[in-house]
Amino acid sequence: MTAAIQTLWAELVATTLADAGVVRCVISPGSRSTPLVAALACEPRLELTTLIDERTAGFFALGAARATGMPVALVCTSGTAAAHYLPAIIEASMAGVPLVVLTADRPPELQDCGASQTIDQVKLYGDFVRGASDLGPPSPGELALRAVRRKLVQAITLAAGPDPGPVQIQLPLRKPLEPAAPTSDAERSLASLAARLAGPVRIAPPQLAPDATALAELAAAIAAEPDGVIVAGALPARFAASRAAVLALAARTGYPILAEAGSQLRFGPRPDGAVFVDHFDLIPPGALPLPRLVLQLGAEPVAAAWPGWLGRLADAGTARWVLAGARWHDADSSARGVILGDVAGAIAGLAAAIDGLAVRRDADAHTADAAAAWRDAEARAAAATTAALDGHPRSETAMLRAAIAAVPAGAAIQLGNSLPIRIVDHIAGGGAARSVLTQRGAAGIDGLIASAAGATAAGAPVLLVLGDVSFAHDVGGLLAARAARAPLAILVIDNRGGQIFAGLPIARAHQGAAFERHWLTAPELDPAAVAAALGARATTAVSPAAAATAIAAALASPGVTVIHAPVTASGAHDVRRAALDRFDTQTSLRAAQGASHD
Ligand SMILES: Cc1ncc(C[n+]2csc(CCOP(=O)(O)OP(=O)(O)O)c2C)c(N)n1
Ligand SMILES: [Mg+2]
C-alpha cells in the first residue's frame, strides 16, 4: 500500500457517496480520518457540516435524514469518537432513518497492542445497524478498488431500504494520512480505473410491500364493520402524502380519526363531515367508546389514556389491526393482525381493496350510538379543555397552544419528548398543513436541539418545543444549531424539571426531597443566558402571546432563536385534571346556554 493508493480509495469513497445520491455529510475532526475528509472536501456535490462533538453530529445527521428522507453520511476518527454516535444510531435504527456511518480506524497491525486512540470498532453498534462492513486497509489492485465502490453502494442500498436504518463502514487507514498523488505507472493506471468507475449509480433497495391477501382480509373486515376508528401515532414526515388517502378511507367508512400530532394527519384542512377526536386524552376513561374495530397506524400513541383503553378494548373483543411499518407494534400483545410493510403502501392497498367492496354504513342502533358517542365525547372534552385553559393561562398547555398556532404553513414542528409531545395533542389540530418531526424510536430526551438543527436541511423553518431538562441535556446541540440552514426557533418550556414524573405514582410515594433531587432534577439554568453565550439569539417569553410573537419573528428570520418560556410547574397536569373534572359540568352548562339562546 502506498499513500497514493490510500488517497485513491478515499477519493473513490467520496465520489461514490455523491454518485449514489448522498448529499449531506457530517464530519467530526480527527487525524485518522484525514484521507477521507480531504477527499470529501474536494467533492463539490457533497454538502459538508463539521461538528466537534460526535454525539451532536450523530443527532444532527439523524435530524437531517429524518426531515429529508435521504441518507446522511457521518465521518469520525478512531477511538471513543465512534462511540458517541450510539444514541443517534439507536434512534435511527428504531425509527427507520437512513444513516451511513463511516468510522476511520487504525490498521490491523496497530490493534491490540496499546496503540493510542485504538479500540475494537468492529461491529461496535451491534444489532442497531442494518449492516456493518469493513473496507480493510487500502491495497493495490483493480478488483480491490472496484470492491470499495461496490461495498459503499451495498451499504447505502441497505441503509435506504427495505427497512431503512443506519449502516457502519469501517475504514482502517495507515500513515502517511495526508493526500498523495500517483507517482508510479501502476498507481497512475489505478487512478484512471477509479476515474472510469465514477458516474451515477442507481440505488434500488427492494420495497417492503405489505401482504396483499392480508390487506384484502382487513378491507373485508372494515367494510363489514361500521363501528370502527382510525388511530394514528407517530409517522414519518413523508406520510403527509398519504393524508388524503386516510381521510378518504375515513369518509368511506365513517370512522372517526384519533390522530396524534406526530402522525402527519393532525394538521391541515379537514373535509366537512370528518370526525377528528383530538381530545382523546381529555375524555374520562369511562366515557371513551369501545369500538368493534380499530385500525392503528404508526408508532405507539403517547396519550396517557392509551394503555388503559387498549386493555379495555382487548377485554371487549375489539379487532385491532396494526399497520406500523417494518417493525412489530403491539404493546398490549392483543392485536388481531399486524400487517408489516410500508404504511403508505398499506393505506393505498387498503383503499384499493375497499373500493371494490360494499361498505356497511347502514347504522344499526349500536353503530348510531357509537358515532354519536364519539362526537359527543369530543365536543365535551374540547369545551372542558377550553374552560380549563381559561383557569390556567400561564400553564405550558396555554403556552403550547399559542406556540403551535404561531407556526406558519410549510414550517415544520419538532416535538420534544416527555410532556411537550403529549400536551400538543391536547390543544392543536386542523389549520395550516405543517409537518411534524418526532423522536419516538427510542423516545429519548437526548439530542433534540442537534436533530432539530439538522432538520433545517429540508429547507423549511423549524420550531422545536422541548422541556427544560431536555434543553439542559443537549446544550451542546446549540453549537450544532449554528449550522442550521433555515430559521430555527427553540421554545424551552421551563416548568422547573421533568414534570412528567409529577404525574407518575412515584410523585405520591412520599419520597420527600429525594423526589425533587433525583426525579424532577430542575436544571437551574437560564436558557437565554446559555443560548446567548453559545451564539444564539435569546429571548424570554412569560406569556403565551409573547411566545407566539417571538416564534413568528424567529421563524421569519435566519439563524437560531432560543425562547425561554417559564410556565407554572404543575400546569400541564392541572389543565388535564381540570378538563377531565369539567367534562360533565361543561355539558350541562352548554345545554343551559343553548337553551337560553333559543
Ligand atoms: C436520554 C434520556 N434520558 C432520560 C430519559 C428519561 N426521562 C424521560 S422524561 C425526562 C424528564 C424530561 O424533563 P423535561 O425535558 O423538562 O420535560 P417535562 O417532563 O418537564 O415535560 C427524563 C429524564 C429519557 N427519556 N431519555
Ligand atoms: Mg420540564
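Residues numbered from 1 in each chain as written. Chains lettered and ligands numbered in written order. Predicted model: local features only at pLDDT ≥ 70, side-chain atom pairs only at ≥ 80, totals over all residues. Heavy atoms only, no water.

Peer 1: So, the coordination of the magnesium ion (ligand 2): which residues are in play, and what are the values?
Peer 2: Ligation of the magnesium ion (ligand 2) by protein atoms is provided by Asp468 (OD), Asn495 (OD1) and Gly497 (O), these donors lying 2.0 to 2.1 Å from the ion. Within one chain, the residues serving as donors to the magnesium ion (ligand 2) are arranged as D-x26-N-x1-G. The exposure class of Asn495 is buried, given its relative accessible area of 4%. You can call Gly497 buried: its relative accessible area is 4%. (Donors = N, O, S within 2.8 Å, 3.2 Å for Na, K, Ca; no water. Buried < 20%, exposed > 50% of the residue type's maximum accessible area, 1.4 Å probe, protein only.)

Peer 1: Any chance you could break down the site of ligand 1 for me, citing the residues and the numbers?
Peer 2: Looking at ligand 1, there are 18 residues lining it, with Ser418, Asp468, Ser470, Asn495 and Gly497 nearest. Between ligand 1 and the protein, one listed contact pairs a nitrogen atom with a backbone N or O atom of Ile445 at 3.1 Å. Within the backbone of Gly497, an N or O atom sits 2.8 Å from an oxygen atom of ligand 1. Computed on the free molecule, ligand 1 has an accessible area of 580 Å², of which 76% lies beneath the protein chains in the complex. Listed by contribution, the elements that provide at least two residues to the shell around ligand 1 are α14 (419-427) and α16 (468-473). No other element matches the four residues that α16 contributes to the shell around ligand 1. Class assignment of the residues belonging to the shell around ligand 1 gives a composition of seven nonpolar, nine polar and two charged. (Near = heavy atom within 4 Å. Polar contact = N/O pair within 3.5 Å; in protein donor to acceptor, adjacent residues only side chain to side chain. Areas by Shrake-Rupley, 256 points an atom, 1.4 Å probe, with all protein chains shown as cover. Helix = DSSP H or I, 4+ residues; strand = E, 2+ residues; numbered from the N terminus. Nonpolar A, V, L, I, M, F, W, Y, C, P; charged D, E, K, R; others polar.)

Peer 1: Quick one: what's the story with α14, residue by residue and with numbers?
Peer 2: Among the nine residues in α14, eight count as buried, and that is most of the element. Among the residues of α14, Leu419, Pro420, Ile421, Ile423, Val424, Asp425, His426 and Ile427 are the ones counted as buried.

These values are about where atoms sit, not about what they do.
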